[in-house]
Amino acid sequence: PTGAGGRWWRLHQRLWPEHCLQGSPDSDLHPGLPQSLLQHSNTIRLRKGQDPHLDAYSAFFDNGHFRSTPLHRHLQLLNVTDVFVCGLALDYCIKYTAEDAVGLGYTTHLIVDAVQPVSEQGGSAALAELQAHGVKLLTVEEAARKMNTISCCSTQQGH
């Protein structure tokens, strides 16, 4: 495959079977998410994994860091300093997203009781690696308290 700028590259990767395809039930958000959150003007919906030849575990970049999603730019525009990560799968998408968030300078929190690994062994290894990278581990209850202490999403209209 060809990477950024038409250069050839080699990247060891594990391409997964199709999953979470747009428009399929696998891609639906949890029905318990508040509609007010989903319709908030600062809500960001991302598309990732668009290239069938290149995995994209992270919400920020593809696995080779050849292409980025708009997430970092949106968070910068909103003056976000802290990122809270949860979801599936801890040992792949969640791990890569949290590592990239740290690498981009965000204070990164992993909500441990709101993640699920592909394998228990992979999940344990991911937690250890993330802690070594400075990711803070929190429960849902702790994350909710922490979020209430953070000034969030101060947009500067017209700038």
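Shown above is the structure to which this text applies.
Residues numbered from 1 in each chain as written. Predicted model: local features only at pLDDT ≥ 70, side-chain atom pairs only at ≥ 80, totals over all residues. Heavy atoms only, no water.

Novice: Help me understand the pairing of strand β1 (residues 82-88), please; the structure alone is not making it clear to me.
Specialist: Side-chain direction in a regular strand flips from residue to residue, so the side chains alternate between the two faces of the sheet. Relative to strand β2 (residues 107-116), β1 runs parallel, the two being bridged by six bridges. What sits directly across from V85, in β2, is L110. Handedness of the crossover joining β1 and β2 through helix α3 (residues 90-103): right-handed. (Pairing = 2+ DSSP bridges. Helix = DSSP H or I, 4+ residues; strand = E, 2+ residues; numbered from the N terminus. Right-handed = clockwise from strand over helix to strand, strands pointing away.)

Novice: Explain the packing of α3 against helix α4 (residues 120-132) to me, please; I cannot follow it from the model alone.
Specialist: Two quantities define a packed helix pair, namely the angle between the helix axes and the distance between the axes. At their nearest, the axes of α3 and α4 sit 9 Å apart, and the two run at 10° to each other. Taken together, the axis directions place α3 and α4 in an arrangement best described as roughly parallel. Residue-level contacts link L90, D91, K95, A98 and E99 of α3 to G122, G123, A126, L127, E129 and L130 of α4. Class assignment for the residues of the contact of α3 with α4 results in five nonpolar, two polar and four charged. (Axes fitted to C-alpha atoms, helices over the stretch in contact; angles between N-to-C directions. Parallel < 35°, antiparallel > 145°, perpendicular 65-115°, else oblique. Contact = heavy atoms within 4.5 Å. Nonpolar A, V, L, I, M, F, W, Y, C, P; charged D, E, K, R; others polar.)

Novice: Explain the nonpolar core to me, please; I cannot follow it from the model alone.
Specialist: Judged by nonpolar contacts, the single largest core of 19 residues is most densely connected at F60, L75, L90, Y106 and L110. Elements that contribute at least two residues to this core include exactly α2 (71-77), β1, α3, β2 and α4. With four residues, the top contributor of residues to this core is α3. In this structure, F60 is in contact with R67, S68, T69, L71, H72, L75, T97, D100, A101, L104 and Y106, ignoring residues within four places of it in sequence. (Core = buried A, V, L, I, M, F, W, Y, C linked by side-chain atoms within 4.5 Å. Buried < 20%, exposed > 50% of the residue type's maximum accessible area, 1.4 Å probe, protein only.)

Novice: Help me understand the packing of aromatic side chains in this model?
Specialist: Between two aromatic rings, the relevant description is the distance of the centres plus the angle of the planes. With the rule as written, the count across this model stands at three aromatic pairs. Geometrically, the ring pair formed by Y57 and Y96 is edge-to-face, given 4.8 Å between the ring centres and 85° between the ring planes. You can see Y57 sitting in the loop between α1 (35-38) and α2 and its partner Y96 sitting in helix α3, a full 39 residues away along the chain. On the accessibility criterion, Y57 (6% relative accessible area) is buried. An aromatic cluster is built from Y57, Y92 and Y96, whose rings are joined through pairwise contacts. (Phe/Tyr/Trp six-rings, centres within 6.5 Å; stacked < 30°, edge-to-face > 60°.)

Novice: I keep staring at the pattern of salt bridges and nothing clicks. Help me out?
Specialist: Note that side chains of opposite charge can pair when their charged atoms are close. Within this structure, the stated rule accounts for three salt bridges. Put simply, K95 and E129 hold a salt bridge, and the shortest N to O gap is 3.2 Å. Of this pair, K95 sits in helix α3 while E129 sits in helix α4, and the two are 34 residues apart along the sequence. Residue classification places E129 among the partly exposed positions, given a relative accessible area of 34%. (Salt bridge = Lys/Arg side-chain N within 4 Å of Asp/Glu carboxyl O.)

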